[in-house]
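Chain by chain, the residues run as shown.
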Amino acid sequence: EPLLHSAAQRWGARVALAGGSLDLRGGAWGAFVEGDCLELSQALDNLIDNAIVHGGPAVVLAAARAPGAVRISVTDSGRLAGPTQSRRAVAGPAAGLRKRLSGRGRHGHGLAIVRRIAAAHGGRFALSRSAAGCSATIELPLAVTASAGGAEEPDTSGASEHRARRGRAAIV
């Protein structure tokens, strides 16, 4: 089963219990990556859990194609301080976000794991925050196959999905 669909099924009830919603948006239909399916699922789980606990209530799980890559993002609707609150109150969440991203502080182990998993799969992890919420993005290279001429090309055919722990994983 594709990674994003599986994650949405695992987390849908938890988001609903927290009074929120989980929306799945796919713009990367048929995209595959090479990797450890359990680790990639763990990375998604960490990002969704973070969005529920520290962001919410609306969580969007999305995938989009980029040249030679796929971008998977988990975006929440945010809990930033409103305009009537002090700058110090706003700095608190930002400081906490930096600690979580670096793996320092009480929260952060999950984001440090996400960063490690993305790097281990030849990708990268980015986190951004705005008044609209927080967006965590993992960019991973598309799986490649040998073309008739022997050159490697991104595989978007979806021809063979391996359910093994290490193999080809469908994104959406």
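None of these values were measured; they are calculated from a predicted model. (Residues numbered from 1 in each chain as written. Predicted model: local features only at pLDDT ≥ 70, side-chain atom pairs only at ≥ 80, totals over all residues. Heavy atoms only, no water.)

## What to know about the overall build of the protein
What counts here: Helix numbers and strand numbers start at the N terminus; a helix is a DSSP run of H or I with at least 4 residues, a strand a run of E with at least 2. For every residue, the accessible area obtained with a 1.4 Å probe (protein chains only) is divided by the maximum for its type, and the residue is called buried under 20%, exposed over 50%, and partly exposed between those limits. Note on contacts: a residue pair qualifies if any of its non-hydrogen atoms lie within 4.5 Å across the two residues.
Helix and strand content of the protein: four helices and nine strands. Element order for the protein, N to C, with α for helix and β for strand: α-β-β-α-β-β-α-α-β-β-β-β-β. Scored against the burial criterion, the 172 residues of the protein give a buried share of 41%. In the protein, of all internal contacts separated by at least 6 residues, the share reaching a separation of at least 24 is 66%.

## Comments concerning the pattern of salt bridges
Opposite charge on two side chains permits them to pair, given that their charged atoms come into close proximity. Rules: Whenever Lys or Arg places a side-chain nitrogen within 4 Å of a carboxyl oxygen from Asp or Glu, that contact is recorded as a salt bridge.
The full count for this structure, using the stated rule, is seven salt bridges. As a salt-bridge pair, E34 and R168 come within 2.9 Å of each other at their nearest N and O atoms. With E34 in strand β2 (residues 32-36) and R168 in strand β9 (residues 166-170), the pair connects residues that are 134 residues apart, well separated along the chain. A relative accessible area of 37% places E34 in the partly exposed class. For the salt bridge of E39 with R116, the shortest nitrogen-to-oxygen distance reads 3.9 Å. A residue pair is termed long-range when its members are at least 10 positions apart, and E39 in helix α2 (residues 37-55) and R116 in helix α4 (residues 109-120) qualify at 77 residues. When salt bridges that share partners are traced, they join R71, R124 and E139 into one network.

## Focus on the confidence of the model for the protein
Definition in use: A residue's pLDDT is the predictor's confidence in that residue, given on a scale from 0 to 100.
Here the protein shows a mean pLDDT of 78. Residues at 70 or above account for 70%. Predicted confidence for residues 97-106 stays below pLDDT 50, and this span has 19 contacts to residues more than four positions away or in other chains. Predicted confidence is poor over residues 155-164, with pLDDT under 50, and the contacts of this stretch with residues over four places away or in other chains come to 22 contacts.

## Focus on the nonpolar core
Quick note on the threshold: Working definition of a nonpolar core: buried Ala, Val, Leu, Ile, Met, Phe, Trp, Tyr and Cys residues. They are joined through side-chain atoms within 4.5 Å.
L4, V70 and I171 are the most contacted members of the largest nonpolar core, which has 36 residues in total. Those elements that place two or more of their residues in this core are α1 (3-17), α2, β3 (58-66), β4 (69-76), α4 and β6 (133-141). Sorting elements by how many residues they give to this core places α2 first, with eight residues. The contacts of I171, once residues within four sequence positions are left out, are P2, L3, L4, A31, V33, A63, V70 and I72.

## As for unusual backbone geometry
The omega torsion of the bond from G56 to P57 falls at 0 degrees, within 30 degrees of zero and hence cis. The topology assignment puts P57 in the loop between α2 and β3.

## Observations regarding the sheet that holds strand β1 (residues 21-27)
Rules: At least two DSSP bridges between two strands are required for those strands to pair. A fitted line through C-alpha atoms serves as each axis, taken over the contacting stretch for helices, and the angle formed by two N-to-C directions is quoted from 0 to 180°.
Taken together, the five strands give an open sheet; going across it, the order is β1-β3-β4-β6-β5, and neighbouring strands pair in mixed fashion. Each having just a single partner strand, β1 and β5 (124-130) make up the two edges of the open sheet. Put simply, the sheet's adjacent strands are angled 15 degrees from each other on average, direction ignored. The sheet strands contacting α1 are β1, β3 and β4, and the helix crosses β1 at an angle near 165 degrees. Taken strand by strand, α2 contacts β3, β4, β5 and β6, and its axis lies near 25 degrees from that of β4.

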